[in-house]
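# Structural characterization, general
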Amino acid sequence: MLRPTRQRLCKQIRRVYARSYAESAPAVDGFSVLNPANGQVLRSFNPISTTDINAAIEHAQQTFDSGIWSKAPAITRSKVLTRLARILEERVPEIARLESLQTGRTIREMNAQLGRLPDWLDYYAALLRTRQDFIAPTQGKLMNYVQRVPLGVVAQITPFNHPLLIAIKKIAPALAAGNSIIVKPSEQAPLTVLQFATMALEAGLPPGVVSVIPGFGHTVGKAIVSNPLIRKVDITAGTQTGRALGSIVGSNLAAYTAELGGKAPIIIFDDADIDSAVNGAAFASFLASGQTCVSGTRLIVASQIYDAFLSKFLTKARSIRGRMGSPLNPSSTMGSIISMRQLQRIEGMVGRTQGRIIEGGERMTGISDLDGFDFGGGSFFPPTVITDISVEDELWREEVFGPVVVVKRFTDEAEGVALANASKYGLGAGIWTTDLSRGHRVAANIEAGLCWVNTHHRNDPSSPWGGMKESGIGRENGLEAFEAYTQSKSTIVNLASSEETRIADDWFAEGNEVRRYG
C-alpha cells in the first residue's frame, strides 16, 4: 500500500506531464484515438511541440545523470520490477478491455496476451538478481573487471498491433539495465502504454525514468530519434520506417534495434497431422486479424495433402467468419482491422492480385450472426484465402497486415524450402511435420530468425525474437536484449607494489631494458 504522500506525488507528476504534453506550442500534431470496431473517439490528444519533446528528453537525461535509477543497486531495480509485475497482474482485466477498445482485437485475445506480460517483468527482475559481471584474463599483476553499464536515454517506438506487449518487451530490459526511457507508442493505440507508465510510478519507479510521448511517427518519432541525447533507438515498425529512422540513428552514432516487416511461410509436409496443421495455420494466419509481423501469410502445402488440407482450412476460415461479433464479446473469434485506411489498403492489395480468391476478399458489412453486432460501423475484413498465386504477385511479396493468406503447392523438401525463402523478409516461419529429423533439418535451412516446428507464435521472455534479411536488426528478449541496453566498461587495476611499479612501469627510464607495452 502506498503512503498518501507517494500517491499525491504520482498524481502531481501525471498532471505536470499531461499539461506539458497537451497544451504546449508551437504544435507538431494532435490526434484522436478511435475504436476501429465502431469509429467512436476514445480520447483526443492536443498538439505537442518539438520544444516539449526535447524538454522531456533533457529531463530523462537529468534523471539518468542523477543516478537515482541508473546507479541504483541491482536488487533495488529488481524489487521495483517485481512490484510492477504484481500491479499489472491485478489490472489485466481493465487493461485488456482498454486494449480491445483501441485496437479492435477480441477481448479473448487481449486477456490471454496481457496475462503473460508480468512474465517479462519477472524475468528481468530475476536476471538482475542472478547475472554476474566478470574478470577478464590478463597478463602480469593486473586485474581487469568488466561490467555492463546503462547507455543513457533510450527511445522506443512501438506499434498498434500489440501495444502493451511490445512496449513491455522493450521497457523491461531497458529498465533492468538502468536506462531512462522515452516511449513513443503508436498514435492509433497509445492508451495502455500511458496507463502502464502510471503503474510504474506506483511501483516505485522514480519520475523521469519512463516518459511516454504519443504522436505520429513522421513528426514526434522523428523528433525523438533525432535528438543527440538518445543513445539507443529500439523500434517495431515497417521496413520502410526502419530504414528512414535507421539513417538518423546512424548519423548520431547511437545503437539501433529494429523488428521490422515479415511474410512468414508455413510449410506443411505430407506427413503432418492435418487437423493440427489446420488449427496451427489458422492461428498463425488470423490471430489479431492477421496484423502481426509473424502472421502466417504464405501457406506452402505438400501436393499429396493439398486438397485435404485446403478443404479443412476453408472450413476453419468459414467457422471463424461465422463466429465474429463484437470484439468485447468473449465468444467472438476475430476482431477488426486497426483503421479504415488500413482496411482500404488490404482491399487494394486483394483487388490487384492475379491469384484466385476462394474465400473472403471483401470488407464486412451487415449484422453479426453471433450477437447482432453491426460490422458496417467499423473496419472489418474476413478471413481471406487465395490460391493459384505467383511468387511475383504482390500478395506473395509484400506484407498485407490483414487476415489474408495465399496457398501454394510444393512437391519435395527442396522446393518447399526454396518457396519459404523466396521472400525479402525473414522474421518468422512455421514447419508442420511428424518427422522431427526433417523438422530440425528444414528449420536450419529456413532464412528466418524464428522457426516454429508443429506450433506457431510461441514466445517467452528468455527466447530471442528478431529477424533476418529485411526483417530487422538485433533481438528482443533474453540476455541478448539486456546486453543491447548496456555497454561494457572495462576497468584495469595494477596490483603490483609501488616498488615493483616504479621499476617495471618507468617506460622512459635510462637504459635499454625491455618494458611491457600495452
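Residues numbered from 1 in each chain as written. Predicted model: local features only at pLDDT ≥ 70, side-chain atom pairs only at ≥ 80, totals over all residues. Heavy atoms only, no water.

Taking an unreviewed UniProt entry as the reference, the protein chain is identified by name as Aldehyde dehydrogenase domain-containing protein belonging to Lentinula lateritia. What the UniProt record of the protein chain gives under Sequence similarities (unreviewed entry) is the line "Belongs to the aldehyde dehydrogenase family." (UniProt positions renumbered as here; feature names shortened; annotations may be inferred.)

What follows is about the pattern of salt bridges. In this structure the tally under the stated criterion is 25 salt bridges. A salt bridge links E476 to K169, with the shortest nitrogen-to-oxygen separation between them at 3.1 Å. Of this pair, E476 sits in the loop between β19 (472-473) and α17 (478-484) while K169 sits in helix α7 (residues 163-177); the two residues are 307 residues apart in sequence, bridging distant segments of the chain. Judged by its relative accessible area of 2%, E476 falls in the buried class. Taking the relative accessible area as the measure of exposure, K169 reaches 5% and is therefore buried. Where R352 meets E394, a salt bridge forms, and the shortest distance between an N and an O atom there is 3.0 Å. Residue R352 is found in helix α13 (residues 340-352), and its partner E394 is found in helix α14 (residues 394-397); the two are separated by 42 residues along the sequence. Among the residues examined, E394 registers a relative accessible area of 24% and is labelled partly exposed. Taken together, the shared-partner salt bridges in this structure form one network comprising K169, K170, D234 and E476. (Salt bridge = Lys/Arg side-chain N within 4 Å of Asp/Glu carboxyl O. Helix = DSSP H or I, 4+ residues; strand = E, 2+ residues; numbered from the N terminus. Buried < 20%, exposed > 50% of the residue type's maximum accessible area, 1.4 Å probe, protein only.)

Time to look at unusual backbone geometry. Most of the time, phi is negative for any residue but glycine, and the peptide bond is trans. Not every positive phi belongs to a glycine, and F401 is a case in point at roughly 60°. Inspection of the secondary structure assignment puts F401 in the loop between α14 and β14 (404-410). Unusually for a residue other than glycine, H457 sits at a positive phi of about 60°. Note that H457 resides in the loop between β17 (450-453) and β18 (468-469).

Taking 1.5 Å per residue, 12 residues should reach 16 Å; helix α8 (residues 191-202) reaches 17 Å between its end C-alpha atoms and fits that length. When you tally the buried positions in α8, you get 11 out of 12 residues, the bulk of the element. Burial in α8 covers these residues: L191, T192, V193, L194, F196, A197, T198, M199, A200, L201 and E202. At the exit of α8 stands G204, carrying a positive phi of roughly 110°. (Expected span 1.5 Å × (residues − 1).)

Let's shift gears to the UniProt feature "active site" (unreviewed entry) in the protein chain. UniProt feature "active site" (unreviewed entry): in the numbering of this structure it lies at E259. Note on placement: E259 falls in strand β9 (residues 255-259). Residue classification places E259 among the buried residues on the basis of a relative accessible area of 6%. Each residue touching E259, except ones within four places of it in the same chain, is listed here: I235, T236, A237, C293, L427, W465 and S471. (Contact = heavy atoms within 4.5 Å.)

What follows is about the environment of R243. Checked against the element boundaries, R243 lands in helix α10 (residues 239-251). Residue R243 is classed as exposed on the basis of its relative accessible area, which comes to 53%. Sequence separation between R243 and G472 is 229 residues; the distance between their C-alpha atoms is 9.4 Å. A distance of 3.4 Å separates polar atoms of two side chains, one belonging to R243 and the other to E470. (Polar contact = N/O pair within 3.5 Å; in protein donor to acceptor, adjacent residues only side chain to side chain.)

If you trace the backbone, H162 turns up in the loop between β5 (153-157) and α7. Here the side chain of H162 touches R105 through a polar contact of 2.7 Å, side chain to side chain. Not counting residues up to four positions away in its chain, the partners in contact with H162 are R105, Q113, A167, Q291, T292 and H457.

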